[in-house]
Amino acid sequence: MTDLLAPFTLRGRTFRNRLWVPAMCLYSVEARDGVPTDFHLAHYGARVAGGYGLVVSEATAVVPEGRITPYDAGLWSDAQGAAWARIAALAHRLGGAFGVQLAHAGRKASTWPGWPGQPSGAVAVEEGGWRTVAPSATAFPGLPAPHALTIEEIGAVVRAFASAARRAAEADVDVVEVHAAHGYLLHQFLSPLSNQRTDRYGGSLENRLRLPLEVAEAVRAGWPDDRPLFVRLSATDWLPGGWDLDQSCVLARELAARGVDLIDVSSGGLLPAPIDPVPGYQVPFARRLRAEGVPTAAVGLITDPAHAAAIVAAGDADAVLMGREALRNPSLPLHLAAERGDVTWVPPQYRRAWPG
Ligand SMILES: Cc1cc2nc3c(=O)[nH]c(=O)nc-3n(C[C@H](O)[C@H](O)[C@H](O)COP(=O)(O)O)c2cc1C
């Protein structure tokens with residue numbers, strides 16, 4: 001039985017354990033230039049210092065118009081690359097690993113963060129917003145209609161993902177994760193509920209898979225062979241006639257054939273849907289995709305370390321991501337290790353605070 005705190009190797013990277021932090025938007029780039037700030041360094045650094053085996057960045061846009069909000073981080077410029085390099089270097093000094101989630105929000109871009117007491121919905125162009133893009137000119141409910149990408153513009157999206165991956169490699173990031181979940185651009189191409197194209201990027205399953213597969217191939221080509229590539233999927237739209245688990249299995253096999261090393265298995269986000277989120281509600285999806293022969297990470301309302309350990313021990317997933325729990329508890333893995341009398345991951349600066 002695999003232990004939650006056992007190391008895990010993919011290609012040339014060994015994660016010190018299997019308890020990881022997933023991508024979580026911080027909406028904290030106040031300069032609106034996509035350059036990660038001191039807040040990002042402190043936030044990610046704290047969680048690496050707290051012992052998580054891998055910390056993944058917020059959804060990081062590959063082009064400016066791919067940002068969910070004007071306050072998102074990006075990876076299309078040298079200044080952004082340099083800021084990510086600083087964070088990756090800190091993660092390595094702390095003995096951890098750092099991943100960047102590469103993203104394009106498509107028709108769900110150009111919104112306000114929607115923090116309590118602050119505006120939500122679309123950011124108007126005169127307030128610094130922009131015209132969004134998507135496979136088809138169909139709006140997400142409550143947001144403006146996007147521009148349907150031309151074939152040439154789709155090619156530019158593929159090149160933008162590849163170029164961001166090359167910058168991530170230069171920044172010495174350990175993992176790149178392509179965000180193809182939660183109703184953002186690549187998921188919008190996958191789902192028949194958002195993709196009404198009649199060209200080679202729409203219609204049949206083969207056509208709807210085309211853009212995510214082209215992105216995976218281009219990213220793999222620009223990303224060193226010794227570093228792992230992840231893809232985050234929504235395993236289902238939770239809606240009749242939408243993207244579902246059987247289609248996800250086909251996609252997972254095709255991604256693995258193109259050098260994708262792990263599927264990070266989430267769900268939903270394409271359109272409002274009836275979801276009943278109970279602890280571990282997405283774990284059965286991770287189990288099913290793993291049965292296709294692709295390593296997986298499970299995520300979604302997993303807050304109890306015993307639950308996380310049981311998921312890994314049962315072979316339902318190779319790793320577990322804790323999102324909101326990691327916001328509340330940046331040092332959870334250190335506590336678990338210390339309970340076993342093993343304080344190897346405790347940074348020397350904090351060593352006197354831990355028994356053993
Ligand atoms: C504040 C916040 C921001 C998030 N931002 C992202 C994101 O940028 N990319 C992504 O794939 N998922 C994002 N998510 C989803 C999380 O990665 C995770 O899948 C979700 O919170 C469920 O896990 P949890 O129950 O452990 O929090 C976000 C979640 C939260 C709470």
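Residues numbered from 1 in each chain as written. Predicted model: local features only at pLDDT ≥ 70, side-chain atom pairs only at ≥ 80, totals over all residues.

A count of helices and strands for the protein gives ten helices and twelve strands. Relative to the 2.2 N^0.38 estimate, which gives 21 Å for 356 residues, the radius of gyration of the protein is 19 Å and therefore close to what a compact globule would have. Structurally, the protein occupies a C-alpha span of about 60 × 45 × 40 Å along its principal axes. In the protein, buried positions account for 51% of the 356 residues. Residue pairs in contact within the protein that sit at least 24 positions apart in sequence constitute 70% of those at least 6 positions apart. (Helix = DSSP H or I, 4+ residues; strand = E, 2+ residues; numbered from the N terminus. Rg over C-alpha atoms; globule rule 2.2 N^0.38 Å. Buried ≥ 20, exposed ≤ 12 C-beta atoms within 10 Å, placed from the backbone. Contact = placed C-beta atoms within 7 Å.)

Residues Phe161, Val176, Val219, Ala297 and Val320 are the most contacted members of the largest nonpolar core, which totals 101 residues. Per-element tally for this core: the top contributor is helix 3 (residues 151-170), with eight residues. (Core = buried A, V, L, I, M, F, W, Y, C linked by C-beta atoms within 7 Å.)

This brings us to the site of the ligand. As a matter of local geometry, the ligand sits amid 20 residues, with Pro22, Ala23, Ala59, Gly323 and Arg324 nearest to it. Elements with a minimum of two residues in the shell around the ligand: strand 4 (55-61) and helix 9 (324-328). Of the residues contributing to the shell around the ligand, the split by class is ten nonpolar, six polar and four charged. (Near = placed C-beta within 6 Å. Nonpolar A, V, L, I, M, F, W, Y, C, P; charged D, E, K, R; others polar.)

It is worth spelling out helix 8 (residues 305-313) at this point. Inspection of helix 8 places Pro305, Ala308, Ile311 and Val312 among the buried residues, and these make up the whole buried set. The buried residues of helix 8 all sit within an arc of 120° when viewed along its axis, so they share a single face. Seen from the open side of helix 8, the exposed residues pointing more than 90 degrees away from its buried face are Ala306 and Ala313. Against strand 3 (19-20), helix 7 (283-290), strand 11 (296-299), strand 12 (319-321) and helix 10 (332-339) lie the buried residues of helix 8. Just beyond helix 8, the residue with positive phi is Gly315, at close to 75°. (Arc of directions from axis to C-beta.)

Right, let's get into the sheet that holds strand 11. Spatially, the eight strands line up as an open sheet ordered 3-12-11-10-9-8-5-4, and their pairing is parallel. Lying at the two open borders of the sheet, with one neighbouring strand each, are strand 3 and strand 4. Where strand 9 (residues 229-234) meets strand 10 (residues 262-266), five bridges bridge the pair, whose relative direction is parallel. The partner of Phe230 across the bridge, within strand 10, is Leu262. (Pairing = 2+ DSSP bridges.)

What follows covers unusual backbone geometry. With phi around 55°, Ser110 is a residue other than glycine that occupies positive phi space. Mapped onto the elements of the fold, Ser110 is located in the loop between strand 5 (98-103) and strand 6 (133-134). Within the chain, His182 stands out as a residue other than glycine whose phi angle is a positive 60°. Mapped onto the elements of the fold, His182 is located in the loop between strand 8 (175-180) and helix 4 (185-190).

Time to look at the pairing of strand 8. For strand 8, the tally of buried residues reaches six of six residues, placing the bulk of the element in the interior. Note that strand 5 and strand 8 share four bridges and pair parallel. Along strand 8, the bridge assignment pairs Leu102 with Val178. Of the pairings in the sheet, the one linking strand 8 to strand 9 comprises five bridges and is parallel in character.

You can see Asp172 is positioned in the loop between helix 3 and strand 8. Among the residues examined, Asp172 registers 14 C-beta atoms within 10 Å and is labelled partly exposed. With 86 residues separating them in the primary sequence, Asp172 and Arg86 have C-alpha atoms 9.3 Å apart. Here Asp172 is in contact with Ala85, Ala88 and Ala89, once residues within four sequence places are set aside.

All of the buried residues along helix 10 are Leu332, Pro333, Leu334 and Ala337. Among the structural elements, strand 3, helix 8 and helix 9 are those in contact with the buried residues of helix 10. Phi turns positive, to about 75°, at Gly341, one or two residues after helix 10.

The subject of this paragraph is the packing of helix 1 (residues 38-49) against helix 2 (residues 78-93). Helix packing for two helices is described by the angle between their axes and how far apart those axes are. Running from N to C, helix 1 and helix 2 point in directions that differ by 20°, and their axes come no closer than 9 Å. One finds that helix 1 runs roughly parallel with respect to helix 2. Remark: the crossing between helix 1 and helix 2 carries right-handed chirality. Note on element contacts: helix 2 touches helix 1 through Arg86, Ile87, Leu90 and Ala91, opposite His40, Leu41, Tyr44, Gly45 and Val48. Per-class residue counts for the contact of helix 1 with helix 2 are six nonpolar, two polar and one charged. (Axes fitted to C-alpha atoms, helices over the stretch in contact; angles between N-to-C directions. Parallel < 35°, antiparallel > 145°, perpendicular 65-115°, else oblique. Left-handed = near helix turned anticlockwise from the far one by under 90°.)

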